Amino acid sequence: MGDKRDKDAEADANFLKELTSNDEALAKRWEKATGGKLSKIITAKTLDDIVFPTVSAEEGITGKQGKALAMLFRAKLSEQANADLQAWARIAYKRDLFFKSSARALVKAEDLKLFNAALGMGNVGKINFTSPKTHLEYTPDLYGAIKLLVKDRKIDVFEVDAGLLSNLGGHYRSDIDRLILYKGFAPDMAMMHAVHESTHAIQDWRNLSCDENNFIEADAFIAGAVAALSANKNFVGLEYEAAQKKAVNLVMDGQATRMSKDWSKAYDGVLKAVNADPTYKGTIGVRYEGSDQEKSKDEEAALKDASLYFQTKQLLRGRRPR
């Protein structure tokens with residue numbers, strides 16, 4: 001019995017020490033609310049007392065504070081407190097609190113080196129499929145076009161530190177053409193996230209409207225998975241591994257076409273996984289609309305021009321996009 005108490009006390013002390021190193025003020029609130037014990041159940045009301053001062057800060061949230069918030073998922077949360085902490089995390093991202101604190105614009109070629117490599121032909125060269133739901137066709141030249149639009153500052157790319165809170169890899173905003181990549185991921189994961197978010201950029205610049213927001217996510221998860229498994233067949237880290245691999249195999253075999261029943265079935269498997277993900281449950285059945293009409297017309301033409309320019313460069317190099 002004494003050994004267990006000693007181990008519990010050590011775990012409590014280590015947790016408090018780590019929490020303090022990331023956010024001293026939040027750590028003090030956690031210690032006051034729980035007596036410094038991980039065994040204490042945190043209710044929704046107690047959680048609000050602990051996190052509200054952090055998530056309501058207008059000046060933003062640092063990456064270390066994001067780590068502190070993420071640590072709370074290791075505490076003993078009531079079911080409602082767990083749901084509320086996930087909601088607070090989404091609010092922090094939505095309010096750009098991490099962006100305010102640590103955004104770094106990736107403008108120079110050196111800054112964009114990893115982003116451009118992610119969209120290289122070795123990764124996106126096998127992305128060639130038509131979505132059964134959005135009806136968009138995704139091809140390598142479109143990812144090359146996104147690289148050119150970023151180079152011309154028509155799409156702004158930023159690196160942001162969110163302390164890996166909720167493991168969010170990136171975010172694309174169609175209203176301001178801003179692509180965010182969150183720090184802290186291994187290179188292969190970061191590459192997959194870059195392709196995923198670039199897929200959202202393609203959707204925006206193609207002036208996409210569709211019946212459900214989660215359709216655009218299914219498209220992006222498939223594209224990201226194709227890139228990840230093209231770069232490394234032993235890649236580990238797909239969000240919905242079983243469903244994504246079925247879809248990826250069809251894409252790589254050239255079977256992801258409009259008339260393929262197997263492709264539609266595999267796509268529905270990915271969509272089902274997205275719908276079951278707590279991150280996207282709130283957007284099931286919500287219609288997706290791209291940018292305003294006038295802007296979208298200009299963007300669609302710009303994307304087409306960039307795509308043709310990219311294809312021409314590839315042909316001149318003797319590398320026709322697949």
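This section reports on the structure supplied with the text. As the structure is a prediction and not an experimental result, all values here were calculated from the model.

## Considering the overall build of the protein
Stage number 1. Each helix and strand in the protein was counted, giving 14 helices and eight strands.
Stage number 2. At 22 Å, the protein has a C-alpha radius of gyration in line with the 20 Å of a compact globule built from 322 residues.
Stage number 3. Considered along the principal axes of its C-alpha atoms, the protein spans approximately 70 × 40 × 35 Å.
Stage number 4. When burial is assessed residue by residue, the protein has 48% of its 322 residues classed as buried.
Stage number 5. When contacts within the protein are restricted to residue pairs at least 6 apart in sequence, long-range pairs at least 24 apart make up 69% of them.

## Let's talk about the environment of K281
Stage number 1. The residue K281 is located in the loop between α13 (261-276) and β8 (288-289) in this model.
Stage number 2. Along the chain, K281 and N214 lie 67 residues apart, while their C-alpha atoms are 8.9 Å from each other.
Stage number 3. Once residues lying within four places of it in the same chain are set aside, the contact partners of K281 are N275 and A276.

## Side note on the nonpolar core
The nonpolar side chains of soluble globular proteins are, as a tendency, buried together.
Stage number 1. Formed by 100 residues in total, the largest nonpolar core has its most connected members in F115, I127 and I146.
Stage number 2. When residues in this core are grouped by element, the largest group, eleven residues, is from helix α11 (residues 213-231).
Stage number 3. Aside from chain neighbours lying at most four places away, what touches I127 is Y138, T139, P140, Y143, V195, A223, V226 and A227.

## Regarding helix α12 (residues 241-252)
Stage number 1. The first and last C-alpha atoms of α12 sit 16 Å apart over twelve residues, in line with the 16 Å expected at 1.5 Å per residue.
Stage number 2. Among all positions of α12, only A243, Q244, A247, V248, L250 and V251 are buried. For α12, the angular spread of the buried residues around the axis is 160°, confining them to a single face. Residues of α12 that are exposed and angled more than 90 degrees away from the buried face: A242 and K246.
Stage number 3. Where the residues of α12 are buried, they touch β2 (129-130), α11 and α13.
Stage number 4. Remark: G254 follows α12 within two positions and exhibits a positive phi of approximately 75°.

## Focus on the sheet that holds strand β6 (residues 178-182)
Stage number 1. With mixed pairing, the four strands of this open sheet are ordered in space as β1-β4-β6-β5. Both outer strands of the open sheet, β1 (104-105) and β5 (170-173), are each paired with one neighbouring strand and no more.
Stage number 2. Pairing analysis gives four bridges linking β5 to β6, with the strands arranged antiparallel. Residue Y172 lies in a different strand from β6, and its bridge partner there is L179.
Stage number 3. Lying on the sheet, helix α10 (residues 187-205) is in contact with β5 and β6; it crosses β5 at an angle near 10°.

## Here's the deal with the pattern of salt bridges
Side-chain pairs of opposite charge can arise whenever the charged atoms involved come near each other.
Stage number 1. In the structure shown here, the tally under the stated rule is 15 salt bridges.
Stage number 2. With a shortest N-O distance of 3.0 Å, K45 and D49 are connected by a salt bridge. Placement of both K45 and D49 in helix α3 (residues 44-55) is noted, with a separation of four residues, approximately one turn of the helix.
Stage number 3. Residue classification places D49 among the partly exposed positions, given a relative accessible area of 43%.
Stage number 4. With a closest N to O distance of 3.8 Å, K100 and E58 form a salt bridge. With K100 in helix α6 (residues 97-102) and E58 in the loop between α3 and α4 (63-71), this pair connects stretches of sequence that are 42 residues apart.
Stage number 5. Among the residues examined, K100 registers a relative accessible area of 44% and is labelled partly exposed.
Stage number 6. Through salt bridges with shared partners, one network takes in D96, R173, D175 and R178.

## What to know about the pairing of β6
Stage number 1. Summarising burial for β6: five of the five residues are buried, a large majority.
Stage number 2. Residues of β6 alternate between two faces, with R178, I180 and Y182 on one and L179 and L181 on the opposite face, all of them buried.
Stage number 3. Bridging between strand β4 (residues 156-160) and β6 involves five bridges; their strand directions are parallel. From the neighbouring strand, F158 faces β6, where its bridge partner is I180.

The rules behind the values
Residues numbered from 1 in each chain as written. Predicted model: local features only at pLDDT ≥ 70, side-chain atom pairs only at ≥ 80, totals over all residues. Heavy atoms only, no water. Helix = DSSP H or I, 4+ residues; strand = E, 2+ residues; numbered from the N terminus. Rg over C-alpha atoms; globule rule 2.2 N^0.38 Å. Buried < 20%, exposed > 50% of the residue type's maximum accessible area, 1.4 Å probe, protein only. Contact = heavy atoms within 4.5 Å. Core = buried A, V, L, I, M, F, W, Y, C linked by side-chain atoms within 4.5 Å. Expected span 1.5 Å × (residues − 1). Arc of directions from axis to C-beta. Pairing = 2+ DSSP bridges. Axes fitted to C-alpha atoms, helices over the stretch in contact; angles between N-to-C directions. Salt bridge = Lys/Arg side-chain N within 4 Å of Asp/Glu carboxyl O.

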